[in-house]
Amino acid sequence: MEANTRSTGRLPAAFLTPGSSSFMDFLGAHSPDLLPGNRALPPVQGAIEAPHGTTIVATTFPGGVVLAGDRRATMGNMIAQRDIEKVFPADEYSAVGIAGTAGLAVEMVKLFQLELEHFEKVEGVQLSLEGKANRLSTMIRSNLGLAMQGLAVVPLFAGFDVDRERGRIFSYDVTGGRSEETGYAATGSGSIFARGAMKKLYRDDLSEEEATTLVVQALYDAADDDSATGGPDVARRIYPIVTVITDEGFRRLTDEESSGIARAILERRLAQPDGPRAALL
Amino acid sequence: MSTPFYVSPQQAMADRAEYARKGIARGRSLVVLQYADGIVFVGENPSRALHKFSEIYDRIGFAAAGKYNEYENLRIGGVRYADLRGYTYDRDDVTARGLANVYAQTLGTIFSSAGEKPYEVELVVAEVGDAPEGDQIYRLPHDGSIVDEHGSVAVGGNAEQISGYLDQRHRDGMSLAEALKLAVQALSSQANGNDREIPADRLEVAVLDRTRPQQRKFKRIVGRQLARLLEAEEAATAPTDAPSDEADDSSGPESGE
């Protein structure tokens, strides 16, 4: 391939050829070896051991959406990393949280961010939220071969739909199947427990503060019952990553804010280990 | 049986340069100026959708005068170059200098290859640094040379006269409103002294603002914010004071102060 990015020669013809606004399409045509899905892998017996990210939760509230994740990565029964970041801004109005094989997921997020940015720069407008969600679907599908070998990536995508003026959440399965969730959603190994917690706590009139508390409560419950999900680590000052997306754009809560929420919850749990009670009827 | 006319290389190049220069002169000129918090791009552009300025990468902006389809082609090539480079290495490894070199090579090759028509474009590639000393502005004429500019630069048909105007009046550390005012004055000044008026809705303005909290520093200035800056400009004409309107970058969705 004549065009290496290091050289300062003339732009190769492929760069000046009118074509798609997609960076992935460009990469596929110009240097397909750089696309994650195009790697040829030798057949592998059994599962490959690699760090896995675990629980991501999201909830909508009037005016926006909250996406949060715990900080633990595990490899088998080992904790591979205590402070991994699994929630990323995708662009100004959306964010993606990842569960599954950490290395591949982080790469997928990087490419997804670039895909959205590239489109925006070439076209001069942003993709619709629906368009972004579909693009992510395509990327997961291209990872299907690896997913079959146990290296699955299952993201949760949340964003503020500027056309409909509300927050929306999309969840995915390993085959790239996409479904829009109403109210709240979770993915990853602790998601069963997190979803249970959110089911009891969710209301459709939450304030932004209540919504951020809700997701941290759900992550606490996930960590309580799932060994692969990390709870707030007070000793090391590692707290969940909580992000809020509203019509003002993406914002990640500062360490003080998220530690404030986590510590308040922790305090309450000392008296009531199972957390807030929902009414029986 | 006819023998081709002999055209000396000097003459051939001069003809191509004149062809390109005439093409560029048909378009409207634009200016790029340094101000205290970054670099501002100002041009007259009646179109809302076909831009003269755009973002290439985090800190790098692009401006072009001349033939739209040709500079648009180069712009997209630049975006692809920058994105691919950033993806392969790191976002910090994408620089205006590297991009300007690639553009210069591209334009130079096209200009001197007999088979291709020279591009009728003149480009500016600018990168905003952490401090004004780190700002870089490169001007790329149609023939593929690179000029490293400081303070202010104008490109397009009327560029020489506008540059002269700017050179006399531009100074370091201007506020955005002051720089914008100077740019509009420069664009509307005519050689014969009959200055034109450029209405706000025909202005295209964009900045590379080093104070933006985001990684991506490029921002278009439109609508209310532009009107406010142009008003601030009028107010600033009487008492020329630098700290005129620094709160003007808060209308975007991103800066949540």
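Residues numbered from 1 in each chain as written. Chains lettered and ligands numbered in written order. Predicted model: local features only at pLDDT ≥ 70, side-chain atom pairs only at ≥ 80, totals over all residues. Heavy atoms only, no water.

**Things to note about the overall build of chain B**
Rules: A helix here means a DSSP run of H or I that spans at least four residues, while a strand means a run of E at least two residues long, and both kinds are numbered starting from the N terminus. Remark: exposure states derive from per-residue accessible area (1.4 Å probe, protein chains only) relative to the maximum for the residue type, with buried under 20%, exposed over 50%, and partly exposed in between. A contact between two residues is defined here by any heavy atoms of the two lying within 4.5 Å. Each accessible area value is a Shrake-Rupley result obtained with a 1.4 Å probe; residue values ignore everything except the protein chains displayed when judging cover.
A tally of regular secondary structure across chain B gives six helices and ten strands. Going through the 257 residues of chain B one by one, you find that 54% of them count as buried. Taking all contacts inside chain B whose residues are at least 6 apart in sequence as the whole, residues at least 24 apart take part in 65%. Counting only carbon and sulfur atoms, one obtains 50% of the accessible surface of chain B, whose full area is about 11,700 Å².

**Examining a negative patch on the surface**
Residue and element names in this part refer to chain A. For the record, the criterion: Only residues whose relative accessible area exceeds 30% and that take part in no salt bridge are eligible for patches, with like-charged residues grouped when within 9 Å of each other and nonpolar side chains (Val, Leu, Ile, Met, Phe, Trp, Tyr) grouped when within 5 Å. Between Lys or Arg on one side and Asp or Glu on the other, a salt bridge is scored when a side-chain nitrogen of the former is within 4 Å of a carboxyl oxygen of the latter. In this count, Lys and Arg are taken as positive residues and Asp and Glu as negative ones, while His and the chain termini are left out. In this description, the location of a charge corresponds to atom NZ of lysine, CZ of arginine, CG of aspartate or CD of glutamate.
Among the surface-exposed residues, D163, E165, D247 and E248 lie close enough to one another that they form a single negatively charged patch. Position of E165 relative to the elements: it lies in the loop between β8 (153-161) and β9 (166-172). On the basis of relative accessible area, E165 is assigned to the exposed category, the value being 61%.

**Things to note about helix α4 (residues 129-142) of chain A**
Stated precisely, the cut-off is as follows: For a helix, the expected span equals 1.5 Å multiplied by the number of residues minus one.
For α4(A), which comprises 14 residues, the first-to-last C-alpha distance of 20 Å matches the rise-based estimate of 20 Å (1.5 Å per residue) to within 8%. Those residues of α4(A) that sit buried are A:L129, A:G131, A:K132, A:A133, A:R135, A:L136, A:S137, A:M139 and A:I140.

**Comments concerning the sheet that holds strand β3 (residues 64-69) of chain A**
All names here are of chain A. As a reminder, the rule being used: Should DSSP find at least two bridges between two strands, the strands are regarded as paired. The convention used is that axes are lines fitted to C-alpha atoms, helices contributing only their stretch in contact, and that angles between N-to-C directions extend from 0 to 180 degrees.
The strand order across the open sheet built from five strands is β11-β2-β3-β12-β13, with neighbouring strands paired in antiparallel fashion. Where the open sheet ends on each side, the last strands, each with one partner, are β11 (184-187) and β13 (249-252). Each adjacent strand pair in this sheet contributes to an overall mean axis angle of 15°, direction not counted. Of the pairings in the sheet, the one linking strand β12 (residues 241-246) to β13 comprises four bridges and is antiparallel in character. In the sheet register, T243 faces β13, and the bridge partner there is R252. Strands β2 (56-61) and β11 of the sheet are contacted by helix α6 (residues 191-201), whose axis makes an angle of about 165° with β11.

**Topic: the sheet that holds strand β2 (residues 38-44) of chain B**
Residue and element names in this part refer to chain B. Pairing in this open sheet of five strands is antiparallel, and the strands run β8-β1-β2-β9-β10 from one edge to the other. Two strands bound the open sheet, and with one partner strand each, they are β8 (152-155) and β10 (218-221). This sheet shows a mean twist of 20° between the axes of neighbouring strands, independent of strand direction. With four bridges joining them, strand β1 (residues 30-35) and β8 adopt antiparallel strand pairing. Residue pairing in the sheet places V31 in a bridge with A154 of β8. Lying over the sheet, helix α4 (residues 159-169) contacts β1 and β8, oriented at roughly 165° with respect to β8.

**Section: the packing of aromatic side chains**
Aromatic rings in a pair are described by how distant their centres are and how their planes are angled relative to each other. Worth spelling out the cut-off: Side-chain rings of Phe, Tyr and Trp (the six-membered ring for Trp) are treated as a pair once their centres are within 6.5 Å; stacked means planes under 30 degrees apart, edge-to-face means over 60, and tilted covers the remaining angles.
Taken as a whole, this structure holds ten aromatic pairs over all chains when the rule is applied. Taking the centre distance of 5.7 Å and the plane angle of 80° together, the rings of A:F112 and A:F157 count as edge-to-face. Of this pair, A:F112 sits in helix α3 (residues 102-123) while A:F157 is found in strand β8, placing the two residues 45 residues apart along the sequence. Under the relative-accessibility criterion, A:F112 is labelled buried at 0%. With a relative accessible area of 0%, A:F157 lands in the buried category. Between B:F62 and B:Y103 the ring centres are 5.8 Å apart and the planes differ by 55°, which places this aromatic pair in the tilted class.

**Looking at unusual backbone geometry**
All names here are of chain A. Phi at E165 takes a positive value of approximately 55°, unusual for a residue other than glycine. One non-glycine residue, R237, lies in positive phi territory at about 55°. Here R237 lies in the loop between α7 (208-225) and β12.

**Comments concerning helix α2 (residues 68-88) of chain B**
Helix length check: α2(B) (21 residues) gives 30 Å between terminal C-alpha atoms against 30 Å at 1.5 Å per residue, within 8%. With 18 of its 21 residues buried, α2(B) lies for the most part within the structure.

**Describing the UniProt feature "active site" (unreviewed entry) in chain A**
All names here are of chain A. Convention followed: UniProt positions are given in the numbering used here, feature names are shortened, and annotations may be inferred rather than shown by experiment. Any N or O atom pair separated by 3.5 Å or less is treated as a polar contact, with the protein-specific requirement of one donor-capable and one acceptor-capable atom, and with residues adjacent in sequence counted only for side-chain atom pairs.
When the UniProt feature table is mapped onto this chain numbering, "active site" (unreviewed entry) sits at T54. Tracing the chain through its elements places T54 in the loop between β1 (52-53) and β2. Leaving out residues up to four positions away in the same chain, T54 has contacts with D70, R72, T74, K86, A99, T187, G188, S189, A228 and T229. Polar side-chain contacts of T54 include one of 3.2 Å to the side chain of D70.

**As for the interface of chain B and chain A**
Note the cut-off: Note: buried area is the sum, over both parts, of the accessible area (probe 1.4 Å) each one loses when the two are combined.
At the junction of the two partners, chain B supplies 34 residues and chain A supplies 35 residues. Between chain B and chain A lies a buried interface of about 3,000 Å² when both sides are counted; carbon and sulfur atoms form 55% of it. Summed over the shared surface of chain B and chain A, the number is four salt bridges. For A:R10, the salt bridge is made with B:E116, and the minimal N-O distance between the two is 3.9 Å.

**Thoughts on the pattern of salt bridges**
Residue and element names in this part refer to chain B. Evaluation of the coordinates by the stated rule reveals 38 salt bridges over all chains. Measuring nitrogen to oxygen at the nearest pair gives 2.9 Å for the salt bridge that ties R139 to E122. Here R139, found in strand β6 (residues 136-140), pairs with E122, found in strand β5 (residues 121-127); they are 17 residues apart in sequence, far enough to count as distant.

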